[in-house]
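Single-letter residue listing:
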Amino acid sequence: MSQQYTSSYWQERKEDVAWLDEQSLNAAYNAVDKHLETGNGNKTALIYEAEDGTVKRFSFLALSQQSNKFANYLLSKGVKKGDRVFLFLPRIPELFIGFLGILKTGAIAGTMFSAFQKDALRDRLENSGATVVITAKELVDRIEQIKSELPELKHVLIVDDETFQADLELHPDNFSVCKTSPEDFAFMLYTSGTTGKPKGIVHAHYGCLQQHESAKLALDLKPNDIYWCTADPGWVTGIVYSILSNWSLGITTVVYGGRFDAEKWYEILEKHKVTVWYSAPTAIRMLMAKGTPLVKKYNLSSLRYLASVGEPLNPEAVIWGKEAFGKYFHDTWWQTETGSIMITNTPNLEVKPGSMGKPFPWVEAAILDDDGIPVPDEEEGNLCLKPFWPSLMRTVWQNKEKYESYFKNGWYFSGDRAKKDKDGYFWFVGRADDVIKTSGERVGPFEVESALVEHPSVVEAGVIGKPDEIRGEIIKAFVVLKPGVEGTEALKTELAEHVKKHLAGHAYPREVEFIDKLPKTRSGKIMRRILKAKELGQPIGDTSTLEEY
Ligand code: WTA
């Protein structure tokens, strides 16, 4: 499909990424192998620090060779262009190397966050029809439990298994990268909406051009930077800004394999002399809660640029950043679907704390009403973007209708509500739907509700995002119990544990409230909006479609 790109910018910048020939572009070759041709093969690409403090360094040459081995291995298992190959790994080097290897074969790479449990994994693998899953000993049980339900899944590879490693070593470290066209699919990520199961957002190789430009401008990356993006490649930020764009720019990138810990994070910044740091509001607020004196114990003088993404960055966090690090966190706005940063505070733009900044020069953004008519400055409306752009999703996997639902009257509707001020800065207001952002991670209420109703004591459940000072939102579940079941504190804990075990370690309700009846429309849809208004003590609003409540 040939897209109508809105800006001539992309044609003019075409040569900023490395094409295999006139028609072929492969995002993995562009991220890694091209550096071997320009004499940068020995430059450090990845500084990997494990939770136990072990550090491993990989040059671009090493990443190239190891991903070549992976690609050869996958071909030997029958992987073909267009097949879906999924990674289910903790943040270890194999996640990065495997991702590159998959793209090199022309297959479509999918990632699944390591906190996912079997329901979340089954939904993704079933819908994508993945033929291979690459995992590790510590996670493989969860795949084994559902394997019999996945007829298309042929191979489960365990990267820390001795047999796999010995096999991998037998494969050559050179590889003829698949000559994918710019529009061929490169990777897919499942993401949550209000209703139904998560949807497979599919991206094409051409996205790497825009990802490259956006990282250069929004993150101010320069050749000698040491860059740390704290996101996990189970989510879009970790793929785009910790693999595809940063390495396309040839930047030395730090990855920390461990969990969040304030002291540990400052140690990483100090020890590796990080210069550019891309993180998320929840983490920043958690650091803020630990106070400024802790920051001052470390020598963080190397830091020169800070940025944030994923959820609203409140003005207090921006102001605290300036106090603690002497720099502002520059907010960036984008989505899994947009494939790269769209709105941001670029380095030369004056920061207005609390604002997301301005659209990139190549982005046409507008605040429109539900019919696609612009609303006046300072008024709230739908945050919309003019399609198409290279990093925009190409489709929703096996769900054309869903893909098409994003576009109306010639605009892409993001699902976010926002305002534009008279200076052209954009301000986030909230979601237009019920999607929850907890600690920066996108969770669909329907998935949590489905997990809850699988519990034998539950009749039905309604799930909302409840505002939280640190996490942005927490998940709160309103649960109707079966007759005769007593709503005890112990049962609340049990239900939270049940969701953790079946759906995902991060997507469980931190608050559970038992309720006699859920508010529903006459057609039986749970009205989460009403649950939320009641929770927040706000007016309930239009209830004309509500069944008696
Ligand atoms: C929210 C993450 C406020 C927003 C890259 C969006 C933000 C959703 C910001 C996408 C920001 C992202 N300020 N909200 N700077 N950045 N969001 O797909 O609601 O995980 O629609 O992509 O996160 O989340 P996703």
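The model shown is predicted, which means the values in this text are computed figures rather than measured ones. Think of each chain on its own: its residues are numbered from 1, step by step along the sequence as written. Reporting in this predicted model follows two pLDDT cut-offs: at least 70 for local features of residues, and 80 or more for side-chain atom pairs to be given and counted; totals over whole chains, interfaces and linings ignore these cut-offs and use all residues. As a convention, hydrogens and water are excluded, and side-chain values are obtained from all of the structure's heavy atoms.

1. A short note on the site of the ligand
Here's step 1: Around the ligand sit 18 residues, and of these Asp 331, Thr 332, Thr 336, Lys 437 and Arg 442 come closest.
Here's step 2: Contacts to the ligand include Gly 310, whose backbone N or O atom sits 3.3 Å from an oxygen atom.
Here's step 3: Lys 437 has a polar side-chain atom sitting 2.8 Å from an oxygen atom of the ligand.
Here's step 4: Accessibility throughout is a Shrake-Rupley quantity obtained with a 1.4 Å probe, and a residue counts as covered only by protein chains that appear here. Relative to its unbound accessible surface of 530 Å², the ligand loses 97% to contact with the protein.
Here's step 5: By residue class, the composition of the shell around the ligand is seven nonpolar, five polar and six charged. Put simply, a residue is near a molecule or strand once any heavy atom of it comes within 4 Å of that molecule or strand. As used in this structure description, the phrase polar contact means that two N or O atoms lie within 3.5 Å; if the pair is within protein, one of them must be able to donate a hydrogen and the other to accept it, and residues adjacent in sequence are counted only when both atoms belong to side chains. Gly is placed with the polar residues, together with every amino acid not listed as nonpolar (Ala, Val, Leu, Ile, Met, Phe, Trp, Tyr, Cys and Pro) or charged (Asp, Glu, Lys and Arg).

2. Thoughts on the domain arrangement of the protein
Here's step 1: What the domain assignment reports for the protein is domain 1 (3–420) and domain 2 (434–536).
Here's step 2: Here the C-alpha centre of domain 2 lies 29 Å away from the C-alpha centre of domain 1.
Here's step 3: The partner domain 2 presents 25 residues to the 25 residues of domain 1 that form the contact.
Here's step 4: Summing both partners gives a buried area of about 2000 Å² for domain 1 against domain 2, and 50% of it is carried by carbon and sulfur.
Here's step 5: Defined in terms of a 1.4 Å probe, buried area is the accessible area two parts forfeit on being brought together, summed over both. When the buried surface of domain 1 facing domain 2 is broken down by residue, Asp 119, Ser 192 and Thr 194 rank first, second and third, together holding 26% of it.
Here's step 6: In what follows, salt bridge is the name for a side-chain nitrogen of Lys or Arg lying within 4 Å of a carboxyl oxygen of Asp or Glu. At the boundary of domain 1 and domain 2, one finds one salt bridge. Marked domain ranges trace back to an automatic or database domain assignment. Here, residues are in contact when the closest pair of their heavy atoms is within 4.5 Å.

3. Some details on the pattern of salt bridges
Pairs may arise between side chains of opposite charge once their charged atoms sit close together.
Here's step 1: Scanning all chains against the criterion turns up 39 salt bridges.
Here's step 2: Where Lys 197 meets Asp 123, a salt bridge forms, and the shortest distance between an N and an O atom there is 3.3 Å. In this pair, Lys 197 sits in the loop between strand S7 (185–191) and strand S8 (199–204) while Asp 123 sits in helix H5 (residues 118–128), placing the two residues 74 residues apart along the sequence.
Here's step 3: Whether a residue is buried, partly exposed or exposed follows from its accessible area with a 1.4 Å probe, protein chains only, as a fraction of its type maximum: under 20%, in between, or over 50%, in that order. By relative accessible area, Asp 123 is classed as buried at 15%.
Here's step 4: A salt bridge links Arg 417 to Glu 380, with the nearest nitrogen and oxygen atoms 2.9 Å apart. Put simply, DSSP H or I for four residues or longer makes a helix, DSSP E for two residues or longer makes a strand, and each gets a number counted from the N terminus.

4. Thoughts on the sheet that holds strand S12 (residues 305–309)
Either a parallel or an antiparallel arrangement is found when strands of a sheet pair, and the pairing is made through backbone hydrogen bonds.
Here's step 1: Strand pairing requires that DSSP identify at least two bridges connecting the strands. Spatially, S2-S1-S10-S9-S11-S12-S13-S14-S15 is the arrangement adopted by the nine strands of the open sheet, whose pairing is mixed. At either end of the open sheet lies a strand with only one pairing partner, and these are strand S2 (55–59) and strand S15 (358–359).
Here's step 2: Inspection of the sheet shows strand S14 (residues 343–344) paired to S15 by two bridges, in the antiparallel sense. For Thr 344, the partnering residue across the bridge sits in S15 and is Lys 358.
Here's step 3: An axis is simply a line fitted to the C-alpha atoms; with a helix, the fit covers only the stretch in contact. Between two such axes, the angle follows the N-to-C directions and lies from 0 to 180 degrees. Contacts from helix H11 (residues 281–290) reach strand S11 (276–279), S12 and strand S13 (329–333), with the element oriented near 120 degrees to S12.

5. Things to note about the nonpolar core
Here's step 1: If you look at the biggest cluster of nonpolar residues, it comprises 91 residues, and the most contacted ones within it are Ile 134, Tyr 241, Trp 247 and Tyr 278.
Here's step 2: Setting aside residues up to four positions removed in sequence, Trp 247 forms contacts with Ala 31, His 35, Ala 45, Leu 46, Phe 60, Leu 63, Phe 96, Leu 100, Ser 242 and Thr 253. For this analysis, a nonpolar core means a set of buried residues of the types Ala, Val, Leu, Ile, Met, Phe, Trp, Tyr and Cys, connected via side-chain atoms within 4.5 Å.

6. Points about the sheet that holds strand S26 (residues 511–514)
Here's step 1: Read across the sheet, three strands follow the order S24-S25-S26 without closing on themselves; strand pairing throughout is mixed. Only two strands of the sheet have a single neighbouring strand rather than two, namely strand S24 (458–468) and S26. Shown here is a sheet whose adjacent strand axes are inclined to one another by a mean of 25 degrees, direction ignored.
Here's step 2: As paired elements, strand S25 (residues 472–481) and S26 share four bridges and run parallel to each other.

7. Digging into helix H8 (residues 207–218)
Here's step 1: Between the first and last residue of a helix there are one fewer steps than residues, each counted as 1.5 Å, and that sum is the expected span. For H8, which comprises twelve residues, the first-to-last C-alpha distance of 16 Å matches the rise-based estimate of 16 Å (1.5 Å per residue) to within 8%.
Here's step 2: Extensive coverage of H8 is indicated by the burial of ten of its twelve residues.
Here's step 3: Of the residues making up H8, those classed as buried are Gly 207, Cys 208, Leu 209, Gln 210, Gln 211, His 212, Glu 213, Ser 214, Ala 215 and Ala 218.
Here's step 4: Residue Asp 220 follows H8 closely and has a positive phi angle near 60 degrees.

8. Section: a negative patch on the surface
Here's step 1: On the surface, Glu 51, Asp 52, Asp 261 and Glu 263 cluster together into a negatively charged patch.
Here's step 2: Relative to the helices and strands, Asp 52 resides in the loop between strand S1 (44–49) and S2.
Here's step 3: Here Asp 52 falls in the exposed class, since its relative accessible area comes to 63%. Like-charged residues within 9 Å of one another, or nonpolar side chains (Val, Leu, Ile, Met, Phe, Trp, Tyr) within 5 Å, are grouped into patches, provided each residue has over 30% relative accessible area and no salt bridge. In this tally Asp and Glu are treated as negative and Lys and Arg as positive; neither His nor the chain ends contributes. Here the site of a charge means NZ on Lys, CZ on Arg, CG on Asp, or CD on Glu.

9. Considerations on the pairing of strand S3 (residues 84–88)
Regular strands place side chains that alternate from one sheet face to the opposite one.
Here's step 1: The buried fraction of S3 is high, at five of five residues.
Here's step 2: Going residue by residue along S3, you find Arg 84, Phe 86 and Phe 88 tucked away on one face and Val 85 and Leu 87 tucked away on the opposite face as well.
Here's step 3: In this fold, S3 hands off to helix H4 (residues 93–105), which returns the chain to strand S4 (residues 108–111); that crossover is right-handed. With its strands directed away from the observer, a crossover is right-handed exactly when the path from the first strand over the helix to the second travels clockwise.

10. Some words on the pairing of strand S16 (residues 365–368)
Here's step 1: Of the two faces of S16, the one holding Ala 365 and Ile 367 and the one holding Ala 366 and Leu 368 are both buried throughout.
Here's step 2: Inspection of the sheet shows S16 paired to strand S17 (residues 381–385) by four bridges, in the antiparallel sense. Its bridge partner being in S17, Ala 365 is matched across the sheet by Leu 385.

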